[in-house]
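The lines below spell out each chain.
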Amino acid sequence: MVTAATVLQEAAPVTKAAPSPVKTAWKGYEKVLFRIAFIFFIAISIPNTPEWYAQLIALDWRHLNYRDLYDIARFGSGINFFGNKIFGTSLLGYANWLTTVLIATGGGLLWTWIVKLRKTERAEYFGLYYWLRVVVRYRAGIGIIGFGFTKLLPVQMPYPSLGILNTNFGDLTAQKIYWLSIGIVPWYQIFAGVVEVAAGTLLFFRRTTTLGAILLAAALGDIVYVNFAYDGGVHVYSSYFVLLAGFLLVNDVPNIYRLLVQEKPVVPVNYYPVFNRAGKALRIGLKSFTIFLFLGVLFYLQLINFLYDPYKQPAVAGVKVLRGNYNVTEFRINDQVIPYNPLDTVRWQEATFENWSTFTFRVNKPHPLDLSNGGGDPQRDVNRTFEITGLAGGQRAFHYYADEVEHTLYLEDKYKAIPDRRNRTAGVGGDGGTDVNLGNDKTPAVTRNDKDERQQEDWIPAAARKNIGDEYGKIASIALSARRKRDYAAAPKNEKRQRFVVQYQTTDGNHVILTGTDENKNRLYVVLDRVDRHYALTPSSLQAGKY
């Protein structure tokens, strides 16, 4: 443990012209600012939701999912007595910061008043400042590494699916265009991941903290700008890391200015506490465990995720014979033929079976937009919505369960009026998702206890379910986890989606006939003929998943 305090001067030539950088006592205003900063940065460095602690306690360490560790590193923080708003406004999501600043200021002034009243004023806070930097370094380090691995093994911005490639450019939101722009150049995404992981790794070490903080500020500053420019929705959480990096650099700014601008010699000064043998062992043990967990274990879990269960795109393979793009050559509703007309609001214009268990088609009819980024922590494929987020133009996507014995597809709409809550451990100040899935919206139209919803639970007959099998286990066994099992076990309750059932007839997949009943109870007869489309984009060699 700390037995003495020392101020170490690192090797550097000292000239008579250079002022001594060693401070033995702090000025009064410095101590007041430090007390405020101490309360503020401690408050925004620890999780502020009970869900985070509950999930940490409930972790099954023998069957981890990458998301388990990712959620440890990705949480909301700050003092959130007033939720997402202060004085009636969210301040674009920064209200929690203002609340924390105000309370930290009050706490810092109260702290100052008490020490003066008790006449226990200290000359400096080198020790406390050191430990505050340790907390901020590790908070920023594990947080950015969690971010970085989703780019280093590119799953954060996936290569576009066939359905997305078939969407008109003008029907994509600004956010979607940006994400797809990164998704089509996976090596750039990997480079961004290398920078973020490197920044986090450097922050684990005292002597490389400055370099890590500079990398962190540069990388996340860009992300803040991108989120504002393209309505990305993660501007607050990315700003958070820039703020932490800024704090870690405050002490270096005068030295950097003196060295690079004034071209004068600089003597960096760092305070390191002296530990006894037990303290050294504890420090090295905790540090080694953190590096092993968030660099070693998290990388392995992320690799498994990339190979077998990429979190933004479905993991379960689709029916092999059906995969590809199709023209809708014949379309009947209730035995009435509807000829092709791009303005028709009922007829399908084209259809696609993805490599995974998603069926898409487009109709000339607007439907509600999903404005999320398709991320978060859903385990079930039907809730992995990157295929529909930010897409207008009548593009619809259905997840299907395939009974390949009876050649029947059970399809359910990937769009959900009230989506499941994403990033469940990330509360105020974190990337907790939209107000809708946080339950803060004022949309009364859809209730979660509707009787009809319960009646839809058994929409797949038992015999068909037996043929379909358990979707939970339809990925490589190495990727199965306690989290995936838990989410699948709790899945069907209180869920309201549009669903329909079709039988498919085909020999080789080039000519497919779908017959059944659509989501509006109409008889459906559709003939699909495969078409070989050539895109301007070259297919990526780094696409995630095994199908």
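Refer to the structure printed above.
Notes on the structure in this doc start here. (Residues numbered from 1 in each chain as written. Predicted model: local features only at pLDDT ≥ 70, side-chain atom pairs only at ≥ 80, totals over all residues. Heavy atoms only, no water.)

What follows concerns the overall build of the protein. Assigned secondary structure in the protein consists of 16 helices and 11 strands. Each of the 547 residues in the protein was classed as buried or not, and the buried ones make up 49%. Relative to all contacts within the protein whose residues are 6 or more apart in sequence, the contacts with residues 24 or more apart total 74%. Accessible area of the protein: about 26,400 Å², with a carbon and sulfur share of 61%. (Helix = DSSP H or I, 4+ residues; strand = E, 2+ residues; numbered from the N terminus. Buried < 20%, exposed > 50% of the residue type's maximum accessible area, 1.4 Å probe, protein only. Contact = heavy atoms within 4.5 Å. Areas by Shrake-Rupley, 256 points an atom, 1.4 Å probe, with all protein chains shown as cover.)

Here the focus is the pairing of strand E5 (residues 350-353). Residues of E5 alternate between two faces, with Glu350 and Thr352 on one and Ala351 and Phe353 on the opposite face, all of them buried. In terms of strand pairing, strand E3 (residues 324-333) meets E5 through 4 bridges, oriented antiparallel. Paired with Asn325 across the bridge in E5 is Thr352. (Pairing = 2+ DSSP bridges.)

Let's shift gears to empty space enclosed by the protein. Evaluation of the coordinates by the stated rule reveals 5 cavities of 30 Å³ or more. The wall of the largest cavity is formed by Pro154, Met157, Pro158, Tyr159, Gly183, Pro186, Gln189, Gln313, Ser540, Leu542, Gln543 and Ala544. Classifying every residue of the lining of the largest cavity gives 7 nonpolar, 5 polar and no charged. For the second largest cavity, the calculated volume is near 50 Å³. Lining the second largest cavity are His367, Pro368, Asp370, Ile388, Gln395, Arg396, Ala397, Asp413 and Tyr415. Broken down by element, the residue count for the lining of the second largest cavity peaks at 3 residues, all from strand E7 (residues 395-403). Each residue belonging to the lining of the second largest cavity can be placed in one class, and the counts come to 4 nonpolar, 2 polar and 3 charged. (1 Å grid on protein atoms, 1.4 Å probe; cavity = no way out; pocket = protein on both sides within 12 Å on 5 of 7 lines; lining within 4 Å. Points joined across faces, edges and corners; volume = space filled by probe spheres on them. Nonpolar A, V, L, I, M, F, W, Y, C, P; charged D, E, K, R; others polar.)

This next bit is on the nonpolar core. The biggest cluster of nonpolar side chains holds 65 residues, and the ones touching the most others in it are Phe41, Leu216, Phe241 and Leu244. Looking at this core element by element, the count peaks at 13 residues for helix H5 (residues 126-152). Ignoring sequence-local partners within four residues, the contact set of Leu244 consists of Phe41, Ile44, Ser45, Val136, Arg139 and Ala140. Formed by 26 residues, the second largest nonpolar core is a distinct cluster that contains Val319, Trp348, Phe361 and Leu514. (Core = buried A, V, L, I, M, F, W, Y, C linked by side-chain atoms within 4.5 Å.)

A few words on the side chain of Asn373. Assignment of secondary structure puts Asn373 in the loop between strand E6 (358-362) and E7. A polar contact is formed between the side chain of Asn373 and the backbone nitrogen of Gly375, at a distance of 2.8 Å. Ignoring any residue separated from it by four or fewer positions in sequence, one finds Asn373 in contact with Gln175, Trp179, Val234, Lys312, Phe386 and Thr389. (Polar contact = N/O pair within 3.5 Å; in protein donor to acceptor, adjacent residues only side chain to side chain.)

Here H5 crosses helix H12 (residues 277-308) at 15°, and the two axes come no closer than 10 Å. Taken together, the axis directions place H5 and H12 in an arrangement best described as roughly parallel. In this structure, the crossing between H5 and H12 has a hand that is right-handed. Along the contact surface, H5 presents Tyr138, Ile142, Ile145, Gly146, Phe149, Thr150 and Leu152, while H12 presents Lys287, Thr290, Phe294, Leu295, Leu298, Phe299 and Gln302. A class-by-class count of the residues in the contact of H5 with H12 yields 9 nonpolar, 4 polar and 1 charged. (Axes fitted to C-alpha atoms, helices over the stretch in contact; angles between N-to-C directions. Parallel < 35°, antiparallel > 145°, perpendicular 65-115°, else oblique. Left-handed = near helix turned anticlockwise from the far one by under 90°.)

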